[in-house]
Amino acid sequence: MGTALVTGASAGLGREFAWQLAEAHHDLVLVARDAERLETLAAQLRAVGGIHVEVLPADLGVDDDVQRVAARLRAVERPVGLLVNNAGYGLGEPFTRGDLAVEEAALAVMVRAVLVLSRAATDAMIPRGRGAILNVGSIAALMASGTYSAHKAWVNTFTQSLARTLRGTGVTATVVNPGLTRTEFHQRAGWGSGQFPDLAWLSAEQVVAESLTAVRRGAVEVTPSLRYRLGAALLRATPPSLVRVISRSF
């Protein structure tokens, strides 16, 4: 079924992407900083899925590491047919009070790495006439929730533009805009989950399943769940001044 490369694969949505792709009999290249967690996951996937799994430890905030992942995307042996740009994290502090170096690292992971890896993937996929890129955005792209919203707004616009550029090549680009999803994301950012009702939360399984279905259909954008699709439509129709007020609650 081909090889998929997943960034941020050691936890959260990335881990779920790895499992669902393994169930679909895709070979995998797993990318994340935590080599130990990657090796454990890889062993489980090999045992259950009977697939080939490569582990590629990398910090996507470090250019040398990004270039190593880019080189794997361009490799001729076991070519990557699906790139999942999933790596990302919340910062949990306002821009004016946080460490600028931390902000720059987040920008590198969630914007620059997506740019560089997408280019490496298209360099390899376009000559073959097939392939797909899935970028993980967020419903936060429609809000004003700090630099995280800005990063994800960039991801959305970039993916829309990339999809237009790729038309007719056999290669597709898709962006997924999850809402609140039960993973380690919020705990790592220091955000409590108790302030949101249970109805607001999605499962990682649902988000990933809808994302992969969208990729298979060649869809450019997907927002998992009817409630978040309706919420996204409302946010797009809301005056920016009101969006800024709403964003203070998140």
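Residues numbered from 1 in each chain as written. Predicted model: local features only at pLDDT ≥ 70, side-chain atom pairs only at ≥ 80, totals over all residues. Heavy atoms only, no water.

Quick notes on the nonpolar core
Alright, step 1. Within the largest apolar cluster, 43 residues are counted, with the highest numbers of intra-cluster contacts made by Phe17, Leu28, Leu30, Leu45, Leu82 and Leu134.
Alright, step 2. Put simply, the parts of the chain that give this core at least two residues each are strand S1 (3-7), helix H1 (12-23), strand S2 (27-32), helix H2 (35-49), strand S4 (80-85), strand S5 (131-136), helix H7 (204-217) and helix H8 (226-237).
Alright, step 3. Sequence-distant contacts of Leu45, defined by excluding residues within four places in its chain, comprise Ala18, Trp19, Ala22, Leu28, Leu30, Gly50, Ile51 and Val53.
Alright, step 4. Ranked by size, the runner-up nonpolar core spans 32 residues in total, among them Val66, Val80, Leu117 and Val171. (Core = buried A, V, L, I, M, F, W, Y, C linked by side-chain atoms within 4.5 Å. Buried < 20%, exposed > 50% of the residue type's maximum accessible area, 1.4 Å probe, protein only. Helix = DSSP H or I, 4+ residues; strand = E, 2+ residues; numbered from the N terminus. Contact = heavy atoms within 4.5 Å.)

A few points about helix H5 (residues 146-166)
Alright, step 1. For H5, with 21 residues, the first-to-last C-alpha span of 31 Å sits near the 30 Å given by 1.5 Å per residue.
Alright, step 2. Restricting attention to buried positions, one finds in H5 the residues Tyr148, Ser149, His151, Lys152, Val155, Asn156, Phe158, Thr159, Leu162, Ala163 and Leu166.
Alright, step 3. Just past H5, the residue Gly168 takes up positive phi, approximately 90°. (Expected span 1.5 Å × (residues − 1).)

A look at a nonpolar patch on the surface
Alright, step 1. A cluster of nonpolar side chains, Leu242, Val245 and Ile246, forms an exposed patch at the surface whose accessible area comes to about 220 Å².
Alright, step 2. Its location among the elements puts Leu242 in helix H9 (residues 240-247). (Patch = residues over 30% accessible without salt bridge, like charges linked within 9 Å, V, L, I, M, F, W, Y side chains within 5 Å. Areas by Shrake-Rupley, 256 points an atom, 1.4 Å probe, with all protein chains shown as cover. Salt bridge = Lys/Arg side-chain N within 4 Å of Asp/Glu carboxyl O.)

Brief notes about the pattern of salt bridges
Alright, step 1. Applying the stated criterion to the full structure yields 8 salt bridges.
Alright, step 2. The salt bridge involving Asp27 is made with Arg78; its shortest N-O contact spans 3.3 Å. With Asp27 in strand S2 and Arg78 in the loop between helix H3 (63-74) and S4, this residue pair connects regions lying 51 residues apart in the sequence.
Alright, step 3. Asp27 gets classed as buried once you look at its relative accessible area, which sits at 18%.
Alright, step 4. Taken together, the salt bridges that share partners define one network made up of Arg74, Arg119 and Asp123.

Re the environment of Leu21
Alright, step 1. The topology assignment puts Leu21 in helix H1.
Alright, step 2. The exposure class of Leu21 is buried, given its relative accessible area of 1%.
Alright, step 3. For the pair Leu21 and Gly179, spaced 158 residues apart in the sequence, the C-alpha separation amounts to 21 Å.
Alright, step 4. Sequence-distant contacts of Leu21, that is, excluding residues within four places in its chain, are made with Ala4, Val6, His26, Leu28, Leu82 and Leu212.

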